[in-house]
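# Descriptive analysis of the structure
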Amino acid sequence: MEIEKKEISPNIILKLIELSNGGLTSSEFDQIINQLNDIFAKVNYSSTAENNFLRIISSLYDKINFLRSSIKHNHYFEYIILISANSNYLTDIIVRNPEYLYLLFNSEFLNNNIDLKTLNKEIDERICNYKSFESKVNFLRLFKRKYLLEIGLNDILGNSNIYNTTSSLSKLAISISRCLFELCFNVIKQKYNFKHISRLYSLASLGKLGGNELNYSSDIDLVLFYDRNLPVCRFSKITANDFFNEVIFLFIKTATAITEKGYIYRVDFRLRPEGRNSSLSKSINDYIQYYDTRGEDWERQMLLKLNYVCGDKSLYNKFLNFTQSYIFAKSIFISPLYQIKSMKKRIEVGNENDIKLCIGGIRDIEFSIQALQLINGGRHKQLYDGNSISVMGKLLNLNIINLDEYTLLLDAYNFYRKVEHYLQLMNDRQTHTIPNNVLMLKSMALYLNLSSESVFYTVLNDHKNNVRKFFLTVFEESAETNNSGTSTFENIKFKDKSRANKNINFLRFGTDLFESKGFDSKTIDLFKEIEESINKYLSNSSVPDLVLENFVRGIKSVYFPSLWYSGFRDEEFLSRFLILCEFSSRLFNMWLLNKKLGDLLLTGRVFVKEYVHQNLNLGINELLFILSAQYTLKIISAVELSELLTLLIKFKINNIYSSLNINSFSVFALGSFGISAMNFSSDIDLIFISETDQNTLTVNQTAEKFIAVLTKELAPFKLDFRLRPEGQNSQIVWDINSFSQYLNKRARIWELQTLQKIKFVSGNKELFNTVVIKFLAHLKTINFEFINKNVFEMYKTLINNNKSILDNLKFTKGSIIDIDFYLQLSFFYFPIVQNQIIEITFFKRFNYFINYISSDDLNILMNNYYFLKTLEITIQNIFGVNNSNVPIDTEKLLLLIKFLNINSIDEFKSIYIQTLISNQKILSKYQEMKNETVN
């Protein structure tokens, strides 16, 4: 933390000695130090102010003459120190352009009232000296910085009130925007070599720029309309819409580009009709038709700040005349009190340090006076005014507010805007939040002519209370009613309240008020009908942030939210959707990538259990979406999901196999695909076998084409051919004779384990039967003890290789791997069941050992497998992951056990550990199996 100093630091003295380089006498130097001590004592002297001061002095071209001149002109140091203490932003401007500093010492420049005509004249005269587009744009960047210095210093000195400061900032922005737009217009005109082009367009401002009350770091809100959407030039097909969209795009790109000379302005065209989803420009008739037929209530409020920037003034006036009748049209006018109160509620934040959006902040003032404008503007046309301070005076003159109300509003507004200006002058940041930094608070208090931080907060709270009381009076509410209780939503325990507020505001209104066009009134009203039900669900959820986030992700993915909100009036449908929001991030991840998937929910098709069976021809992602939804809603179990995944993959492979007319080889499944034990992230293990040794090149080319199609059609599943003989380094297709020879001479035990899971997919079933016969015949030639030893060696290898993965449901000792290896050993040990088990699903295999193994052991293994498989599928579905790792995060565990209907994390851990232990015991019990024939 910086420490307040009473006198300038030795660092300044040493630096001045260095910079003067002996060019000053001792007397001159002492006078300079005394001056600095006097002036620094009047500001919040910090290391930041000191560094800024030295940066400015170091940047000057003739430092000695400046230091000597400052002895005679005390205000030189005063200006520099005030800028150093109050604005890093202005300091940077001087450091980059030290010549501007001398302009500030010129009283004619500093005290000159900024006039739009004068600014336009200066720009037009000087920009002609530059040839290229980029050099002209750089001139505008420097022009802005020069005048920001003047405006900013007058503000800091107290020479300019809020009205004049914001008006000057607005005039500067209008002048620069006018010139830049003309430059961009000419660039696009020259691009198409147009000599004569219709200039019937108008660029207008909205928001703070439209009200001539711009901040130092405000965005500038603009809208452009033209006369008619006709070709802009004779013999050209390029329409006005195409042409002006290109001009606007270049304008935005150029204005917002950040360079070493700074940027011009952040430009926003999102307040145009239809917002970001519409063309950047349209004809004036298109705009008028939109407002006449589909305009929203908040747009009436927005259009109060419409103002002219450049272009055809008569076209602008035509639109202006329409907006006056539109804004105050009584026949279609919903109460401004209702619509503005709703808008205020949706943007209001709980952060008391945000002076713009907090209760009793700037928005309360703006919305109050805009409501009064809308109510009374039909009778008093002079209220069609976008400037807040000007409107306050007119409301007073019309006796709509009294003198006390006018005074409290004006004082509060000036105070808030001064705070904004300090915050934005400091670092050129668009912020409205009071800092926690003590030194910044002290510096801000001095800037506001307040004696201390505590006095600042006293004044701030008084303004908040006064403004809120006025706001409630305007909207005919009492403070008691307003504070009588908080909504259900406010009581929900969100981890990120700010994010939750943004999300619920999107669901309510479609967007933040001044970002872009939101939902229409019908959609907003529909949401009101379902909001309380949503809040109740969120209140009972352990992860309300996640539920709300997924809800928003879903609604953002649909084209007509009103259809969904209407559907959600069915309580069962809404309940199911909320369950999906809570327990299936996988579903929403898929939805985000393919917006059409939502139709499966809206039409209710996902809720029909037989739908997947009956519609296997759907795309793989559609089927996965349905399965994810059905599993989440417990329409299907984990085992059923695994078997359905196998069914649909087999169906897809068969279709592709048939469509390519493949007859040179057959397709067999292995691994989890072969035993119907797939999960959302399983690989598809395949081998290709041919009847005879055919032309290897032709066959493998066919296989490669087949694989390419499979890879595309079966995504996101991955194909895996590493389980074929000789692994990934061998040919893709093996003929039956070569396969048989390999089986008898070189196949290892782990490959025999793999072949237990072989399953016919496509091609010649007789060939598949031959492979099975040869496989089972080969098993009779191998000693069981040898198999037993190798199987357990493989088991240990897999366990050891995956030790780094804690609680992996596939490879942790005692998990699914133990059950899998137990059944594999049983397969080898009991030849009588081998032929019966081939192509049987993993879960059903347990039944084939009832007569040969302890029924208690089998029941334990079946229950354990069901639990672990359910756990695996649930983890992948809830969290949208592609692994089988049990989470360790408490919040995730709470969500997991809620879905599994387990009462506590301790209970879950107990069940999980007991499952692992019992699996280990049973596998160990049969480790010493002997190979004997069982009749």
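Conventions and cut-offs
Residues numbered from 1 in each chain as written. Predicted model: local features only at pLDDT ≥ 70, side-chain atom pairs only at ≥ 80, totals over all residues. Heavy atoms only, no water. Core = buried A, V, L, I, M, F, W, Y, C linked by side-chain atoms within 4.5 Å. Buried < 20%, exposed > 50% of the residue type's maximum accessible area, 1.4 Å probe, protein only. Helix = DSSP H or I, 4+ residues; strand = E, 2+ residues; numbered from the N terminus. Contact = heavy atoms within 4.5 Å. Phe/Tyr/Trp six-rings, centres within 6.5 Å; stacked < 30°, edge-to-face > 60°. Lys NZ or Arg CZ within 6 Å of the ring centre and 35° of its normal. Pairing = 2+ DSSP bridges. Salt bridge = Lys/Arg side-chain N within 4 Å of Asp/Glu carboxyl O. Axes fitted to C-alpha atoms, helices over the stretch in contact; angles between N-to-C directions. Parallel < 35°, antiparallel > 145°, perpendicular 65-115°, else oblique. Left-handed = near helix turned anticlockwise from the far one by under 90°. Expected span 1.5 Å × (residues − 1). Arc of directions from axis to C-beta.

## Notes on the nonpolar core
- Judged by nonpolar contacts, the single largest core of 163 residues is most densely connected at Ile653, Phe688 and Phe908.
- Element by element, the count of residues in this core is highest for helix 44 (residues 855-879), at 11 residues.
- Contact partners of Ile653, with chain neighbours within four places excluded, come to Val667, Phe673, Ile684, Leu686, Phe706, Leu710, Leu714, Val761 and Ser762.
- In terms of nonpolar packing, the next biggest core, distinct from the first, is built from 135 residues, Leu54, Ile114, Ile174 and Leu180 among them.

## Points about the packing of aromatic side chains
- Counted by the stated rule, this structure contains 83 aromatic pairs.
- Both rings, one in Phe322 and one in Tyr326, keep their centres 5.7 Å apart while their planes meet at 15°; by these two values the pair is stacked. Residue Phe322 and its partner Tyr326 are located together in helix 16 (residues 313-327), separated by 4 residues, close to a single helical turn.
- Owing to a relative accessible area of 12%, Phe322 belongs among the buried residues under this scheme.
- In this structure Tyr326 comes out as buried when scored by relative accessible area, which is 3%.
- Aromatic ring contacts, followed pair by pair, group Phe181, Phe185, Tyr192, Phe194, Tyr201, Tyr226, Phe243, Phe244, Phe251 and Phe269 into a single cluster.
- In this arrangement the basic side chain of Lys418 is found over the ring face of Tyr447, its NZ or CZ atom lying 4.3 Å from the centre.
- Directly above the ring of Phe489 sits Arg508, whose terminal nitrogen or CZ lies 5.6 Å from the centroid.

## Structural notes on the pairing of strand 6 (residues 666-670)
- Most of strand 6 is tucked away, with 5 of its 5 residues classed as buried.
- Burial along strand 6 is two-sided: the residues Ser666, Phe668 and Leu670 and Val667 and Ala669 are all buried.
- As defined by bridge partners, strand 6 adjoins strand 7 (residues 683-690) across 5 bridges and the pair is classed as antiparallel. Bridging from a neighbouring strand, Phe668 pairs with Ile687 of strand 7.
- Taken together, the 3 bridges between strand 6 and strand 10 (residues 759-762) define a ladder with antiparallel strand orientation.

## Considerations on the environment of Leu697
- Here Leu697 lies in helix 36 (residues 696-713).
- Separated by 37 residues in sequence, Leu697 and Trp734 have C-alpha atoms that sit 12 Å apart.

## Observations concerning the pattern of salt bridges
- Applying the stated criterion across every chain yields a total of 32 salt bridges.
- Put simply, Glu122, Arg126 and Lys146 are held in one network by salt bridges that share partners.

## So, unusual backbone geometry
- With an omega of 20°, the peptide bond running from Ala715 to Pro716 counts as cis.
- Along the chain, Pro716 falls in the loop between helix 36 and strand 8 (718-720).
- One non-glycine residue, Asn21, adopts positive backbone phi at about 55°.
- Looking at the element boundaries, Asn21 is found in the loop between helix 1 (10-20) and helix 2 (26-40).

## Regarding the packing of helix 26 (residues 521-540) against helix 29 (residues 571-583)
- As a packed pair, helix 26 and helix 29 sit with axes 11 Å apart at the nearest point and diverge in direction by 40°. What the angle tells us is that helix 26 and helix 29 run oblique. You can see that helix 26 and helix 29 cross each other, and the crossing is right-handed. Contact residues: Ile530, Ser533, Ile534 and Tyr537 in helix 26; Leu574, Leu578, Ile579, Glu582 and Phe583 in helix 29.

## Some thoughts on helix 46 (residues 905-925)
- Along its 21 residues, helix 46 runs 30 Å from first to last C-alpha, staying within 8% of the 30 Å computed at 1.5 Å per residue.
- Regarding helix 46, the residues found buried are Ile905, Phe908, Tyr912, Thr915, Leu916, Ser918, Asn919, Ile922 and Leu923. Each buried residue of helix 46 sits inside an arc of 165° when the element is viewed along its axis, so together they form one side. Counted as exposed and oriented over 90 degrees from the buried face of helix 46: Asp906, Lys921 and Lys925.
- Contacts made by the buried residues of helix 46 are with helix 40 (784-801), helix 41 (816-829), helix 44 and helix 45 (890-899).

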